[in-house]
Amino acid sequence: MKKILSYPLSIIFYIFYGLTLLVMHVVQWLCYNLGGYAAHHKSVKVMNGLLVFWTRILGTTYTYKGHENLIQNVPLIFVSNHQSMYDISPLEYDLADYHPKFISKIELGKGIPSVSYNLTHGGSALIDRKNGKQAIEEIKKLAQYIQKNNYSAIIFPEGTRSKNGVPKAFKENGLKVLTKYAKDAYVVPVTLNNTWEIEKWGKFPMYLGAKVTIQYHKPLKVSDYKFDEIFELTEKTVKSSITA
């Protein structure tokens, strides 16, 4: 019965989700060109709020833990496991006050309404995985950007989605560059659980009733650790609370 019900609900979800991406692409363009960064940032928060809201059609619930661990007015590097494309909006919406930027593969910078525009105009780093020099330079620019403005970066060091919730080994390169050039930053380990369940049955029909949790762990001041120490501790902390 649950899977039968998921067919019409999935159709309704995709309609609203897709329309939001199309409409908010235009809204983002208007905000960016008429109001600059500040207006564009607000439009992105609205967009992500809507995208999260539409997942509730599928019975998805969200629980956030550890907000008390987040520090204001310093650059932050959020390091998270990666389970699904549905990791992005709940994180970006919840962390809007910290102006989060992403490290994303360059292919996502074109062709996806709203998503591509936000990545290319919102300050994120678009990296070419086949060009190590370009990737390092883009991540360096992002690190210097968050350092200067006390913004934040979100990085998924697994490099790709786990899809079944079981974490993969973390890759160190992206975090290493971020911590090198954002010396005043704090690393915040983040554990995501159950976003993968939204696509447990595939892209259609969608799974109903995923119970997503997002936990922000105690920040680690970059300058207090050697890189190997902070990398090992971050990976251990993130994975310690994964329930898959």
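The name an unreviewed UniProt entry gives the protein is 1-acyl-sn-glycerol-3-phosphate acyltransferase, with Empedobacter falsenii as the organism. As stated in UniProt under Pathway (unreviewed entry), the record for the protein gives "Lipid metabolism."

Student: Could you give me a rundown of the packing of aromatic side chains, with the residues and numbers involved?
Tutor: Per the counting criterion, the structure on display carries 15 aromatic pairs. Between the aromatic rings of Tyr-7 and Phe-204, the centroid separation amounts to 5.5 Å while the plane-to-plane angle is 75°, which identifies the pairing as edge-to-face. With Tyr-7 in helix α1 (residues 2–55) and Phe-204 in the loop between β6 (186–193) and β7 (211–216), the pair connects residues that are 197 residues apart, well separated along the chain. Residue Tyr-7 is classed as partly exposed on the basis of its relative accessible area of 37%. Centre to centre, the rings of Tyr-17 and Tyr-86 are 5.9 Å apart; their planes meet at 65°, and the pair counts as edge-to-face. Taken as a pair, Tyr-17 in helix α1 and Tyr-86 in the loop between β2 (76–80) and α2 (88–94) lie far apart in primary sequence, 69 residues in all. Residue classification places Tyr-86 among the buried residues on the basis of a relative accessible area of 4%. Put simply, the rings of Phe-13, Tyr-14, Tyr-17 and Tyr-86 pair up and form one aromatic cluster.

Student: Explain the nonpolar core to me, and be specific about the residues and the numbers.
Tutor: In this structure, Phe-78, Leu-91, Leu-95 and Tyr-216 are the most contacted members of the largest nonpolar core, which totals 36 residues. If you list the elements that add at least two residues to this core, you get α1, β2, β6 and β7. If you tally residues by element for this core, the top one is α1, at 9 residues. Filtering out sequence-adjacent residues up to four positions away, Leu-95 remains in contact with Leu-70, Phe-78, Pro-100, Ile-154 and Tyr-216. Counting residues in hydrophobic clusters, the runner-up holds 26 residues, among them Ile-103, Ala-143, Leu-220 and Phe-231.

Student: Which residues make up the side chain of Asn-118, and what values do they have?
Tutor: Position of Asn-118 among the secondary structure elements: in helix α3 (residues 115–121). Take Asn-118: its relative accessible area is 10%, and that puts it in the buried class. Each residue touching Asn-118, except ones within four places of it in the same chain, is listed here: Gln-28, His-40, Val-44, Glu-92 and Gly-123.

Student: Describe the layout of surface pockets, listing the residues and the values that go with them.
Tutor: Of the voids in this model, the largest pocket is the one considered here, and its volume is about 1200 Å³. Lining the largest pocket are 39 residues, and of these Ile-103, Ser-104, Lys-105, Leu-108 and Arg-129 lie nearest its centre. Broken down by secondary-structure element, the contributors of at least two residues to the lining of the largest pocket are α1, α2, β3 (100–105), α3, α4 (132–149) and α5 (173–181). Taken together, the residues that form the lining of the largest pocket break down as 21 nonpolar, 10 polar and 8 charged.

Student: Got a sec to walk through the UniProt feature "transmembrane region" (unreviewed entry) in the protein? Specific residues and values, please.
Tutor: UniProt annotation of "transmembrane region" (unreviewed entry) refers to residues 12–30 when read in the numbering used here. With 100% helix and 0% strand, the stretch residues 12–30 has end C-alpha atoms that lie 27 Å from each other.

Student: Describe in detail the environment of Leu-233, supporting the description with residues and values.
Tutor: Examined against the element boundaries, Leu-233 turns out to sit in helix α6 (residues 227–240). Given the relative accessible area of 31%, Leu-233 is considered partly exposed. Between the C-alpha atoms of Leu-233 and Arg-161, which are 72 residues apart in sequence, the distance is 21 Å. When sequence neighbours within four positions are dropped, the list of residues in contact with Leu-233 reads Leu-220 and Tyr-225.

Student: Give a detailed account of a positive patch on the surface, specifying residues and quantitative values.
Tutor: A contiguous patch of positive charge on the surface is contributed by Lys-105, Arg-129, Arg-161, Lys-163, Lys-168 and Lys-171. Turning to its location among the elements, Lys-163 is positioned in the loop between β5 (152–155) and α5.

Rules used throughout
- Residues numbered from 1 in each chain as written.
- Predicted model: local features only at pLDDT ≥ 70, side-chain atom pairs only at ≥ 80, totals over all residues.
- Heavy atoms only, no water.
- UniProt positions renumbered as here; feature names shortened; annotations may be inferred.
- Phe/Tyr/Trp six-rings, centres within 6.5 Å; stacked < 30°, edge-to-face > 60°.
- Helix = DSSP H or I, 4+ residues; strand = E, 2+ residues; numbered from the N terminus.
- Buried < 20%, exposed > 50% of the residue type's maximum accessible area, 1.4 Å probe, protein only.
- Core = buried A, V, L, I, M, F, W, Y, C linked by side-chain atoms within 4.5 Å.
- Contact = heavy atoms within 4.5 Å.
- 1 Å grid on protein atoms, 1.4 Å probe; cavity = no way out; pocket = protein on both sides within 12 Å on 5 of 7 lines; lining within 4 Å.
- Points joined across faces, edges and corners; volume = space filled by probe spheres on them.
- Nonpolar A, V, L, I, M, F, W, Y, C, P; charged D, E, K, R; others polar.
- Patch = residues over 30% accessible without salt bridge, like charges linked within 9 Å, V, L, I, M, F, W, Y side chains within 5 Å.
- Areas by Shrake-Rupley, 256 points an atom, 1.4 Å probe, with all protein chains shown as cover.
- Salt bridge = Lys/Arg side-chain N within 4 Å of Asp/Glu carboxyl O.
- Lys, Arg positive; Asp, Glu negative; His and termini not counted.
- Charge placed at Lys NZ, Arg CZ, Asp CG, Glu CD.

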